[in-house]
Structures are given as C-alpha cells and as structure tokens.
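Here is how the chains run, residue by residue.
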Amino acid sequence: MTPAAANGLFLTFEGIDGSGKSTQCRLLAETLRQQGHQVVLTREPGGSTGAEEIRRLVLEGDPDRWSAETELLLFTAARRDHLERTIEPALRAGKVVICDRFADSTRMYQGLSRGDLRATVDQLHQLMISREPDLTLLIDMDPELGLSRAKGRQTSEERFEDFGIELQQKMRAGFLALAQEFAPRFRVIDGGRPIDAVAADVLAQAQAALS
Ligand code: ADP
Ligand code: TYD
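Scope of this entry: the structure provided in the associated data block. This one's a predicted model, so the numbers in the text were calculated from it and none came from an experiment.

Their axes nearest at 9 Å, the elements helix H6 (residues 143-151) and helix H7 (residues 165-181) cross at an angle of 120 degrees. Relative to H7, H6 is oriented oblique. For the pair H6 and H7, the sense of crossing is right-handed. Each of Pro143, Glu144 and Leu147 in H6 lies in contact with H7, whose residues at this interface are Ile165, Gln168, Gln169 and Arg172. Of the residues contributing to the contact of H6 with H7, the split by class is 3 nonpolar, 2 polar and 2 charged.

Take a look at the structure:
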C-alpha cells in the first residue's frame, strides 16, 4: 500500500459503546474547520461505500450471527476499503482525518471478546492494513453509564451492546491496557464529565498534535 504523506494528521477516537466518541468527533471536526483546517470526519466500520455495506452485516442481527474469526475478516475487509478510498487519499492531500474507531477496536472486540484472538488480529493487521493513527484519544468511562447512554439511542445497530455489561467492563480494561502498550500515540481522556469539558481536553490534545 502507498504510504501516506507526512503532512496530514490521522486522529482516531476509541472507547466503549456510549462513551461519547461520536459526539466528540463531531465537535472536534467543527472546531478545527472553523480554525481553517480541512477535515475529513469518518467512522468504522464504514467510511466508504463498500465498508458501509459491510457495517450492516456486522452491526445488525443476532449477537451469535458471526464467530469472532469471521467478524475479524469482515472488519478487516471494511477497513482496507476505507483506508484505500477515504483515509489515505485525504492524508496524501494534507487533510486532518478524524476517525470514530479504527484498528484498536478490532484488537479489543475481536481480539478479546470471545477468547484470545489478539495474535491473529495483529497478523492480519500487519498483512492488510499496517497503518497506525498519529494520535488516538481514548474516551474512558464507567461501563454502566456508557451502556445506558448507548441503549438510550434506540438504533438497530445493537449487536455488540447486546453482549452486555461484562463485555463492556472487559473492553474498558482492555482499552486502558492498550493505551499503555501504545503509549506514544494514546491519550486517555475522562469521558464521565459534561460534553464541553471533555471537548476542551480533546481539542487541546488535537492542537498539540497539529502544532
Ligand atoms: P459513542 O459514539 O461513544 O457510542 P455517543 O457520542 O453516540 O457515544 O454518545 C452516546 C449518548 O450519550 C448520546 O446520546 C450523546 O448525546 C450522549 N453523550 C455523549 N457525551 C456525553 C456527556 N459527556 N455527557 C452526557 N451525555 C453524553
Ligand atoms: P460504533 O458505531 O462506534 O458504536 P458505538 O457508537 O456504540 O460505540 O461501533 C459499533 C460496534 O462495532 C461497537 O460495538 C464496536 C464494534 N466494532 C468491532 O467489534 N470491531 C471493530 O473493528 C470496530 C471498528 C467496531
């Protein structure tokens, strides 16, 4: 895959369901655009036509619809398409790419949720994706609160939320461990505060990375 130019910034948000990632992505994109940056706001699974089609396959329906292994292949296929068609062209054009979830979510949800598949996740990532974000903001919060916020949204995309609170607790601990594993690119932000307070921290971190 062609390496992206150094002048774009690839920024990802991670965290459990309902932690406020989508809200913070949107606010950060608005603020950076007001400051004159060219921003591409995107998400995973999805972010390109093909990947959005795969999104429906993985997020809707019964929790047992796919095994963790099959899911891993589907998420990786979606990510490859998203990378080729949306992320890399934007970075080559010098834009700021803000992405709601990326490969760290696969390391957690497919790598940890049903047994230990982390080594397989890493191998497939190496083979098909390779790229890591420049900066990853982990919105950390209490899983009970996250799940109640997520459930309050009333969408059909609840396959993962339907795995329940134990999965969310495991994911929170896993994300915090991942932040230590990849410490240079991770920043942990306390998401259990009002939206504006979280947004101020998010903006400060993004601006530090841009300068
Ligand atoms: P995620 O993308 O991490 O699942 P969302 O941004 O969709 O989270 O937020 C989940 C719900 O919680 C939404 O209804 C949103 O309006 C609300 N929300 C987000 N951030 C906060 C916050 N800091 N305090 C209270 N509610 C919030
Ligand atoms: P998302 O739409 O970000 O959900 P939420 O707003 O509730 O956080 O992501 C949907 C689900 O997809 C989420 O439960 C995590 C899961 N997911 C994976 O299992 N693997 C992945 O690689 C990605 C990107 C997401």
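That shown, we press on.
Taken together, 16 residues are adjacent to ligand 2, and Asp17, Arg101, Thr106, Gln110 and Arg153 come closest. Out of a free accessible area of 540 Å², ligand 2 has 94% covered by protein chains. For ligand 2, the cavity whose grid points lie within 2 Å of the majority of its atoms is the largest pocket. With 4 residues, the top contributor of residues to the shell around ligand 2 is helix H4 (residues 103-112). Broken down by class, the residue content of the shell around ligand 2 amounts to 5 nonpolar, 3 polar and 8 charged.

Counted according to the given criterion, the structure contains 0 disulfides. For Cys25, which is in no disulfide, the shortest distance to another cysteine sulfur is to Cys99 and amounts to 7.6 Å. The buried category is assigned to Cys99, whose relative accessible area is 0%.

The rules behind these values
- Residues numbered from 1 in each chain as written.
- Chains lettered and ligands numbered in written order.
- Predicted model: local features only at pLDDT ≥ 70, side-chain atom pairs only at ≥ 80, totals over all residues.
- Heavy atoms only, no water.
- Axes fitted to C-alpha atoms, helices over the stretch in contact; angles between N-to-C directions.
- Helix = DSSP H or I, 4+ residues; strand = E, 2+ residues; numbered from the N terminus.
- Parallel < 35°, antiparallel > 145°, perpendicular 65-115°, else oblique.
- Left-handed = near helix turned anticlockwise from the far one by under 90°.
- Contact = heavy atoms within 4.5 Å.
- Nonpolar A, V, L, I, M, F, W, Y, C, P; charged D, E, K, R; others polar.
- Near = heavy atom within 4 Å.
- Areas by Shrake-Rupley, 256 points an atom, 1.4 Å probe, with all protein chains shown as cover.
- 1 Å grid on protein atoms, 1.4 Å probe; cavity = no way out; pocket = protein on both sides within 12 Å on 5 of 7 lines; lining within 4 Å.
- Sits in = over half its atoms within 2 Å of the grid points.
- Disulfide = S-S within 2.5 Å.
- Buried < 20%, exposed > 50% of the residue type's maximum accessible area, 1.4 Å probe, protein only.

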